[in-house]
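# Examination of the molecular architecture
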Amino acid sequence: MNRRVLRRWISNFMVGLMVVAVILAVLPLLFILFNLVLKGASSLSIDFFTKLPVPAGETGGGVAHAIVGTLLIVGLASLFGVPLGIGAGIYCAEYPGSRLTKVTRFVADVMNGTPSIVVGVFAWTWIVARQKHFSAVAGSAALAMLMIPMVMRTTEELIKLVPHSLREAGLALGYPRWRTSLSIILRTALPGIVTGSLLAVARIAGETAPLLFTALGSQYMNFNVNQPMAALPLVVFQYATGPYEEWHQLAWASALVLILVVFVLSVGARLATRRRFHA
Amino acid sequence: MPEQQVRLGTDKLTAMYGKFTAVKNVTLTFANNSVNALIGPSGCGKSTFLRTLNRMHELTEGGWITGKVLLDGQDVYQSGVSAMQLRRRVGMVFQKPTPFPTMSIYDNVAAGLRLDGRPKRGEQDEIVERSLKQAALWDEVKDRLRTSAVALSGGQQQRLCIARSIAPRPEVLLLDEPTASLDPAGTSRIEELVFELKKAFTIVIVTHNMQQAARVSDTTTFFYMGSMIETGPTRQLFTAPKQEQTEAYITGRFG
């Protein structure tokens with residue numbers, strides 16, 4: 001009897017510790033969200049989404065150029081990053097023993113741990129310095145480089161989660177190997193891969209460092225990806241470090257929009273993982 | 001048993017994993033429209049032997065063979081024979097049910113039909129219905145052919161896998177412990193089904209369960225340590241085994 005009471009006490013204590021850990025983990029996130037909404041929501045208006053910035057000191061204006069810029073830069077990065085990452089991931093999962101796989105996996109792990117500013121410097125050296133001008137393309141290239149290893153590793157892990165028995169079942173039906181991989185293995189892993197890719201898109205949408213000396217930022221609406229371009233994280237950086245109160249307001253609002261974009265992508269990822277069938 | 005036409009056979013078949021010999025020098029024949037049980041303790045090579053028959057063994061890393069596997073008199077390991085084509089003539093069902101989770105019940109059954117170009121819609125509907133009826137699953141699923149296959153029970157899933165395997169009309173059906181993951185009710189349904197299926201197919205079934213072998217099969221072969229110890233009509237092997245090891249195994253003294 002004594003022992004049972006003691007056990008229950010220890011159990012309750014441990015559960016308590018875990019609850020504390022969860023609260024500590026979630027608290028900063030809630031605090032950030034709360035703060036952003038508090039300080040940014042008041043500046044959100046139609047103008048904010050549709051107007052361009054006004055000269056310093058004047059009130060009003062918006063960040064339409066940065067919203068367009070973020071969509072273009074991130075879109076372009078995803079256009080290259082997602083297919084390349086998925087392709088490399090499939091290769092690594094299908095040929096786990098090959099030397100190329102081992103090298104690729106190692107490089108991807110190193111790249112996953114590389115600070116994003118280093119990738120930015122790399123893009124600056126190879127694209128900006130050669131072309132002798134800043135451009136959105138250089139920013140997209142840097143972001144794509146961050147994205148590929150993330151997408152690749154998720155794809156590989158998710159394909160490996162598909163039971164080997166399914167592959168055998170496909171082959172035993174007379175499917176050629178490529179067809180087994182595509183129409184059975186990949187199709188089974190697809191919802192997870194879509195989620196992983198969307199989460200990678202959400203991750204890079206908020207990256208600032210790689211854009212600082214590639215896309216550079218701009219005060220104008222610009223659709224030409226060969227020119228410097230504004231992006232939400234750059235706007236936040238520029239306005240938050242500026243001296244004017246109006247700028248600070250815009251920075252808060254931009255940060256809120258950025259978080260909302262990431263939030264929408266994450267929710268989209270959740271929806272994509274939902275089962276196709278409802279039994 | 002009257003003389004029957006041989007459908008499938010092996011000639012001095014040895015199966016290796018790298019340098020390890022899993023099956024040693026087995027010569028065996030399976031008659032048309034018969035059920036043939038392979039029994040023996042775990043690791044005796046009966047599953048490996050089964051997997052050489054549709055060339056699944058060679059997909060395992062290090063898997064290779066010597067000797068011959070003859071289907072209708074033709075060596076299936078001859079160069080120029082496509083393993084993919086062979087597997088459409090020799091279907092296989094595994095220990096655990098393996099329905100394709102992203103496909104509906106209908107698409108699962110039709111999965112093997114789409115390899116030689118798409119069949120016509122009506123024709124495909126017919127084959128799916130026929131296969132599900134043959135697998136004794138039609139009445140349970142006919143109203144929900146478009147729903148997920150993983151929502152079925154384990155026994156239903158296994159019958160679905162049988163339907164999927166027989167849809168392309170193979171000549172031989174290999175069953176690798178098909179009831180190992182099923183409850184007694186599911187097991188007896190599969191056993192009844194095997195009895196029906198032998199009208200259309202030649203069946204080779206690996207089983208751990210000796211009662212099952214005795215119930216469903218026409219011939220039984222006993223494997224031990226990679227060698228074929230004894231083969232014969234099921235009744236004879238269970239009532240009057242010629243080898244001492246066979247007797248010891250079927251009376252439960254080892255394995």
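## Quick word on the overall build of chain A
A tally of regular secondary structure across chain A gives 11 helices and zero strands. The order of helices and strands in chain A, counted from the N terminus, is α-α-α-α-α-α-α-α-α-α-α. The principal-axis extent of the C-alpha atoms belonging to chain A is close to 70 × 65 × 35 Å. Taking all 279 residues of chain A together, the buried fraction comes to 37%. By sequence separation, contacts in chain A at least 24 residues apart represent 73% of the contacts at least 6 residues apart.

## A look at the domain arrangement of chain A
Residues and elements named next belong to chain A. Under the domain assignment used here, chain A contains domain 1 (2-43) and domain 2 (48-273). The gap between the C-alpha centroids of domain 1 and domain 2 is 31 Å. Facing the six residues of domain 1 at the interface are eight residues of domain 2. Along the lines of polarity and charge, the residues of the side of domain 1 that touches domain 2 split into three nonpolar, two polar and one charged.

## Remarks on the interface of chain A and chain B
In this complex, chain A contributes 16 residues to the contact, which on the side of chain B involves 21 residues. Of all elements in the fold, only α7 (164-172) and α8 (177-205) of chain A reach the threshold of two or more residues within the side of chain A that touches chain B. Ranked by residue count, the leading element in the side of chain A that touches chain B is α7(A), at six residues.

## Topic: the environment of A:L234
Residues and elements named next belong to chain A. By the secondary structure assignment, L234 is in helix α10 (residues 232-240). Using a count of 24 C-beta atoms within 10 Å as the deciding quantity, one classes L234 as buried. Measuring from C-alpha to C-alpha, the distance between L234 and K102 comes to 37 Å, with 132 residues separating the pair along the chain. Aside from chain neighbours lying at most four places away, what touches L234 is A66, T208, L211, A215 and G217.

## Concerning the nonpolar core
Residues and elements named next belong to chain A. The biggest cluster of nonpolar side chains holds 140 residues, and the ones touching the most others in it are M147 and A215. With 16 residues, the single largest contributor to this core is helix α6 (residues 136-161). Apart from residues lying up to four places away in sequence, A215 is in contact with I73, F134, A136, A138, G139, P228, M229, A231 and L234.

## What about the pairing of strand β7 (residues 172-176) of chain B?
Residue and element names in this part refer to chain B. When you tally the buried positions in β7, you get five out of five residues, the bulk of the element. Relative to β7, strand β6 (residues 90-93) is paired through four bridges, and the arrangement is parallel. Its bridge partner lying in β7, G91 is registered against L173. Strand direction decides the pairing type here: β7 and strand β8 (residues 202-206), joined by five bridges, are parallel.

## Re α8(A)
When the terminal C-alpha atoms of α8(A) are compared, their 37 Å separation across 29 residues is substantially less than the 42 Å that a helix rising 1.5 Å per residue should span. A maximum bend of about 55° is found in α8(A) at A:L190, where proline A:P191 lies one to four positions downstream.

## Concerning the confidence of the model for chain A
Of the residues in chain A, 97% have a pLDDT of 70 or more, and the chain-wide mean is 88. Looking across chain A, the model is least confident in helix α2 (residues 46-50) of chain A, with a mean pLDDT of 82, and most confident in helix α1 (residues 2-40) of chain A, with 93.

## Some words on helix α1 (residues 46-53) of chain B
Judged by how many residues are buried, α1(B) sits mostly within the fold: eight of eight residues are covered. Two residues or fewer after α1(B) comes B:R55, characterised by a positive phi angle close to 60°.

## Some words on the pairing of strand β4 (residues 63-71) of chain B
Residues and elements named next belong to chain B. One ladder, built from eight bridges, connects strand β1 (residues 6-17) with β4; its direction is antiparallel. Looking at the pairing, L8 lines up with L71 of β4. As paired strands, β4 and strand β5 (residues 74-75) are joined by two bridges and run antiparallel to one another. Each bridged residue has a counterpart across the sheet, and for L71 the counterpart in β5 is Q74.

## A look at the environment of B:W64
All names here are of chain B. In this structure, W64 sits in strand β4. For W64, a count of 14 C-beta atoms within 10 Å gives the class partly exposed. Taking the C-alpha atoms as reference, W64 lies 25 Å from P178; in sequence the two are 114 residues apart. In this structure, W64 is in contact with M16 and E58, ignoring residues within four places of it in sequence.

Criteria and thresholds
- Residues take numbers from 1 onward in each chain, read along the sequence in its written order.
- Lettering for chains starts from A, numbering for ligands starts from 1, and both go in the order in which the items are written.
- pLDDT decides what is reported in this predicted model: residues at 70 or higher carry local features, side-chain atom pairs at 80 or more are listed and counted, and totals for whole chains, interfaces and linings draw on all residues regardless.
- Each helix is a run of H or I in the DSSP string that is no shorter than four residues. Each strand is a run of E no shorter than two, and both are numbered from the N terminus.
- Here a residue counts as buried when 20 or more other C-beta atoms sit within 10 Å of its C-beta, as exposed when there are 12 or fewer, and as partly exposed otherwise, the C-beta atoms being derived from the backbone.
- Two residues qualify as being in contact provided that their C-beta atoms, derived from the backbone, are within 7 Å of each other.
- Domain segmentation is taken from an automatic or database assignment of domains.
- Each residue receives one of three labels: charged for Asp, Glu, Lys and Arg, nonpolar for Ala, Val, Leu, Ile, Met, Phe, Trp, Tyr, Cys and Pro, and polar for the others, Gly being one of them.
- Here a nonpolar core is just a set of buried residues of the types Ala, Val, Leu, Ile, Met, Phe, Trp, Tyr and Cys, joined wherever their C-beta atoms sit within 7 Å.
- In this scheme, strands are said to pair when DSSP sees at least two bridges between them.
- In a helix, the anticipated span is given by 1.5 Å times the number of residues less one.
- By definition, a residue's bend is the angle between the axes fitted to the seven residues ending there and the seven starting there.
- Residue-level confidence of the predictor is summarised by pLDDT, bounded by 0 at the bottom and 100 at the top.

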